[in-house]
Amino acid sequence: DEAHNMGAVGFMNNNKNIQYDKRIGLSATPLRDWDEEGSNEYIYDFFKISSPTFEFKMEQAIGKFLCEYNYYPYFSELNDEEWKEYKYWTSKLFVNPDEKKINTSAALKRQQVIDKNNSKNKTLISIVKHMVSKSDYKHTLIYCPKGEDDENQKRIIYRIGEIIKENFKGKINGQFFLGETKDRELLIEDFTNGHVDFMYAIKCLDEGVNIPVTKNAIFIASGKNKREYIQRRGRVLRKYKHKTHSNIFDIIVLPSLDTFKEDQNMSINLIKNEFSRILEFINISMNSNESIKMIDQKLIEYNLSYSLIKHKIQEDEKRYFVEKSD
């Protein structure tokens with residue numbers, strides 16, 4: 001299971017002298033992003049295939065093995081300093097532009113600018129207010145950025161917990177689910193029983209932890225890494241007793257309008273990067289028409305639309321496959 005982990009450098013190096021008679025692998029996300037070490041090719045070679053032998057798509061599973069979900073897009077914007085940093089790491093993105101080899105360090109640092117975007121805190125409060133107004137805030141996972149808050153010099157995940165506590169005094173009981181968290185089973189039990197409303201996590205709930213009672217997920221940090229956001233969506237779609245559906249609240253980062261006017265090409269690239277997961281999420285959501293309407297209401301400020309961004313992404317993908325085949 002989780003066969004994509006075979007693409008880790010350590011596994012590839014240690015596996016060279018082992019002989020296998022039979023082999024079978026399962027993965028919800030078989031391909032690795034930023035494939036620097038030839039991981040994807042290694043996995044396919046290991047299983048002696050050129051594409052997955054059997055596929056069971058998410059849309060086939062929903063309604064049968066997974067519950068349906070609503071997708072709610074919310075927005076925040078980069079400030080001037082964040083945009084400068086985003087541009088800087090973009091300029092360092094390719095080790096060799098001719099070879100299109102990604103500088104993974106620069107890519108990760110650029111993604112951190114998006115993940116740690118300061119205005120997300122305000123957006124998060126709006127999301128939680130919406131949930132509280134509907135009395136539908138229990139059994140919620142909040143995926144937080146890693147790293148420290150630059151102003152408070154403390155881990156961002158703890159600052160997010162403080163923000164919720166300050167704005168919803170006595171209303172919401174939130175706990176942290178981290179690598180160092182003790183008594184995890186007791187925490188999961190309290191979450192299942194409704195004694196804990198929110199669980200804050202970074203990566204510990206990506207794979208291998210099954211908490212089917214989870215009804216809501218807030219993605220403060222979801223990133224461009226497809227494996228992360230596919231795995232995280234899977235956490236909240238597990239069927240459980242009387243749970244009829246799940247809700248995903250996704251914070252999408254955009255350039256400011258002033259930035260967009262001054263630097264349109266890079267601004268559109270940022271929007272396309274954020275929208276790669278949005279297309280995935282909206283495609284099979286229950287409320288896709290409502291979600292697209294919410295997105296269009298925001299994008300009209302930029303003279304853009306959901307369909308236009310979708311078209312640009314599809315054109316990029318076609319171009320990529322043509323170049324790759326050449």
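Here, every reference points to the structure presented above.
Presented here is an overview of the structure given in this document.

The rules we used
Residues numbered from 1 in each chain as written. Predicted model: local features only at pLDDT ≥ 70, side-chain atom pairs only at ≥ 80, totals over all residues. Heavy atoms only, no water. Axes fitted to C-alpha atoms, helices over the stretch in contact; angles between N-to-C directions. Helix = DSSP H or I, 4+ residues; strand = E, 2+ residues; numbered from the N terminus. Parallel < 35°, antiparallel > 145°, perpendicular 65-115°, else oblique. Left-handed = near helix turned anticlockwise from the far one by under 90°. Contact = heavy atoms within 4.5 Å. Nonpolar A, V, L, I, M, F, W, Y, C, P; charged D, E, K, R; others polar. Buried < 20%, exposed > 50% of the residue type's maximum accessible area, 1.4 Å probe, protein only. Salt bridge = Lys/Arg side-chain N within 4 Å of Asp/Glu carboxyl O.

1. With respect to the packing of helix H9 (residues 226-236) against helix H11 (residues 264-283)
H11 packs onto H9 with a crossing angle of 30° between their chain directions and a minimal axis gap of 11 Å. As judged from the angle between their axes, H9 and H11 are roughly parallel. Here the hand of the crossing between H9 and H11 comes out right-handed. Listed contacts from H11 to Lys-226, Tyr-229, Ile-230 and Arg-233 of H9 are Ser-276, Arg-277, Glu-280 and Phe-281. Among the residues forming the contact of H9 with H11, the class breakdown is three nonpolar, one polar and four charged.

2. Some points on H9
The element H9 is largely enclosed, with a buried count of ten among its eleven residues. Looking at the packing, one finds that the buried side of H9 touches helix H3 (58-61), strand S1 (68-77), strand S4 (140-143), strand S9 (216-219), strand S10 (245-254) and H11.

3. Overview of the environment of Ile-202
Tracing the chain through its elements places Ile-202 in the loop between strand S8 (198-201) and S9. Exposure remark for Ile-202: the relative accessible area of 11% places this residue in the buried category. Between the alpha carbons of Ile-202 and Ile-156 there is a distance of 9.8 Å; along the sequence they are 46 residues apart. Once residues lying within four places of it in the same chain are set aside, the contact partners of Ile-202 are Tyr-143, Cys-144, Pro-145, Lys-146, Arg-155, Ile-157, Phe-177, Leu-178 and Arg-232.

4. Some thoughts on the pattern of salt bridges
Summed over all chains, the structure comprises 14 salt bridges. The salt bridge involving Glu-180 is made with Arg-155; its shortest N-O contact spans 3.0 Å. Residue Glu-180 is found in the loop between strand S7 (174-177) and helix H8 (184-193), and its partner Arg-155 is found in strand S6 (residues 154-155); the two are separated by 25 residues along the sequence. Here Glu-180 falls in the partly exposed class, since its relative accessible area comes to 48%. The closest approach of N and O atoms between Glu-301 and Lys-298, which form a salt bridge, is 3.4 Å. For Lys-298, a relative accessible area of 16% gives the class buried. Here the residues in one salt-bridge network are Lys-154, Arg-159, Glu-162 and Glu-166, joined through shared partners.

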